[in-house]
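Summary of structural features
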Amino acid sequence: MKEKQFQEAVFKAIFNRRSIRRYQNKIPEREKIFKILEAGIWAPSGLNNQPWRFVIIWSKETKKRLSELTRYKEIVKNAPVLIGVFLKKSQMYHQIKDHQSAGACIQNMLLSAFALGLGTCWLGEILKNEDKVKDVLELPKDEYEMCALIAVGYPDDKSKRADRYPLKHFIVKEI
Ligand SMILES: Cc1cc2nc3c(=O)[nH]c(=O)nc-3n(C[C@H](O)[C@H](O)[C@H](O)COP(=O)(O)O)c2cc1C
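Described below are features of the structure shown in this document. Quick caveat: nothing in here was measured; it's all calculated off a predicted structure.

1. Digging into the sheet that holds strand β4 (residues 144–153)
One open sheet holds the four strands; their spatial order is β1-β2-β4-β3, and the pairing between them is antiparallel. Two strands bound the open sheet, and with one partner strand each, they are β1 (52–57) and β3 (119–123). In this sheet, adjacent strand axes meet at a mean angle of 25° when their direction is disregarded.

Written as structure tokens, this is what we have:
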């Protein structure tokens, strides 16, 4: 790929990705889900400790049980695939930095899903029920810390897209 095309592709993904909360019935291909996870694990992490761990959820019954744990019930119940992102506690070295690494990992996944024609929604509200999520997923509570659920599917979302403030809003100073 030529340098200009490469730049365009990267910026296209960053600027055009938007959270998708409604999905077509079509189930995403398993290869695409694993490609997305592969992109996730190439995120940077402090000390390269790679603390992220994933639970891939295809089961309708599991999605239904998880949907009872969040006000974003419809998204969770109807998502063709859910990816639970966790930190492996024994792998962690710094609470904030490990969560930052997980954030980088998740953003890699959202952007690569977009590149593959898939829509995603990063779901954090469900974290209030972290222990119950672990019960549903049969994960040992003391081994994993929850970061997010990511809903993934082919987009069927015509809703209004979130905007951003102009860049100058965020710049505190330039010295
Ligand atoms: C940490 C975090 C938690 C989020 N939790 C939720 C959530 O629980 N439910 C939801 O619908 N969207 C959730 N979102 C998605 C945001 O609402 C969305 O990214 C934001 O409105 C900007 O829209 P965009 O992603 O379309 O650019 C979350 C995003 C982040 C980064």
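Let's pick the thread back up.
2. Details of helix α1 (residues 3–16)
Here α1 contains 14 residues, and its C-alpha end-to-end distance of 20 Å stays within 8% of the 20 Å for a straight helix at 1.5 Å per residue. Across the 14 residues of α1, zero count as buried, placing the element largely on the outside.

3. With respect to the site of the ligand
Every residue close to the ligand is listed here: Arg18, Ser19, Arg21, Tyr72, Cys121, Trp122, Leu123, Gly124, Glu125, Arg161 and Ala162. In terms of residue class, the shell around the ligand is built from five nonpolar, two polar and four charged.

4. Observations concerning the pairing of β3
Most of β3 sits out of view: four of its five residues are buried. Relative to β4, β3 runs antiparallel, the two being bridged by five bridges. Opposite Leu123, over in β4, you have Leu149 as the bridge partner.

5. Describing unusual backbone geometry
Here Leu47, not a glycine, exhibits a phi torsion of approximately 60°, which is positive. Mapping Leu47 onto the fold places it in the loop between α2 (30–41) and β1. C-beta crowding within 10 Å serves as the criterion here: with 11 such atoms nearby, Leu47 is assigned to the exposed category. Its identity is not glycine, yet Glu138 carries a phi of approximately 55°, on the positive side. Tracing the sequence through the fold places Glu138 in the loop between α6 (130–137) and β4.

6. Points about the environment of Asn25
Note that Asn25 resides in the loop between α1 and α2. Given 9 C-beta atoms within a 10 Å radius, Asn25 is considered exposed. For the pair Asn25 and Pro166, spaced 141 residues apart in sequence, the C-alpha to C-alpha distance is 36 Å.

7. Focus on the packing of α2 against helix α5 (residues 95–115)
Packing of α2 against α5 leaves a shortest axis separation of 7 Å and a crossing angle of 140°. For the element pair α2 / α5, the angle class is oblique. Remark: the crossing between α2 and α5 carries right-handed chirality. Together, Lys35, Ile36, Leu37, Ala39, Gly40 and Ile41 of α2 and Cys105, Asn108, Met109, Ser112 and Ala113 of α5 make up the contact between the two elements. For the contact of α2 with α5, the class distribution of residues is seven nonpolar, three polar and one charged.

8. A few points about the nonpolar core
Among the nonpolar cores identified, the biggest contains 37 residues, and Leu82, Val85, Leu123, Ile150, Ala151 and Val152 are the most heavily contacted of them. Looking at this core, the elements that each hand over two or more residues are α2, β1, α4 (73–78), β2 (81–88), α5, β3 and β4. The leading source of residues in this core is β4, at eight residues. Filtering out sequence-adjacent residues up to four positions away, Leu123 remains in contact with Thr70, Tyr72, Ile75, Val76, Ala148, Leu149, Ile150 and Ala151.

Conventions adopted
- Residues numbered from 1 in each chain as written.
- Predicted model: local features only at pLDDT ≥ 70, side-chain atom pairs only at ≥ 80, totals over all residues.
- Pairing = 2+ DSSP bridges.
- Helix = DSSP H or I, 4+ residues; strand = E, 2+ residues; numbered from the N terminus.
- Axes fitted to C-alpha atoms, helices over the stretch in contact; angles between N-to-C directions.
- Expected span 1.5 Å × (residues − 1).
- Buried ≥ 20, exposed ≤ 12 C-beta atoms within 10 Å, placed from the backbone.
- Near = placed C-beta within 6 Å.
- Nonpolar A, V, L, I, M, F, W, Y, C, P; charged D, E, K, R; others polar.
- Parallel < 35°, antiparallel > 145°, perpendicular 65-115°, else oblique.
- Left-handed = near helix turned anticlockwise from the far one by under 90°.
- Contact = placed C-beta atoms within 7 Å.
- Core = buried A, V, L, I, M, F, W, Y, C linked by C-beta atoms within 7 Å.

The quantities given are spatial measurements derived from coordinates; they are silent on function.
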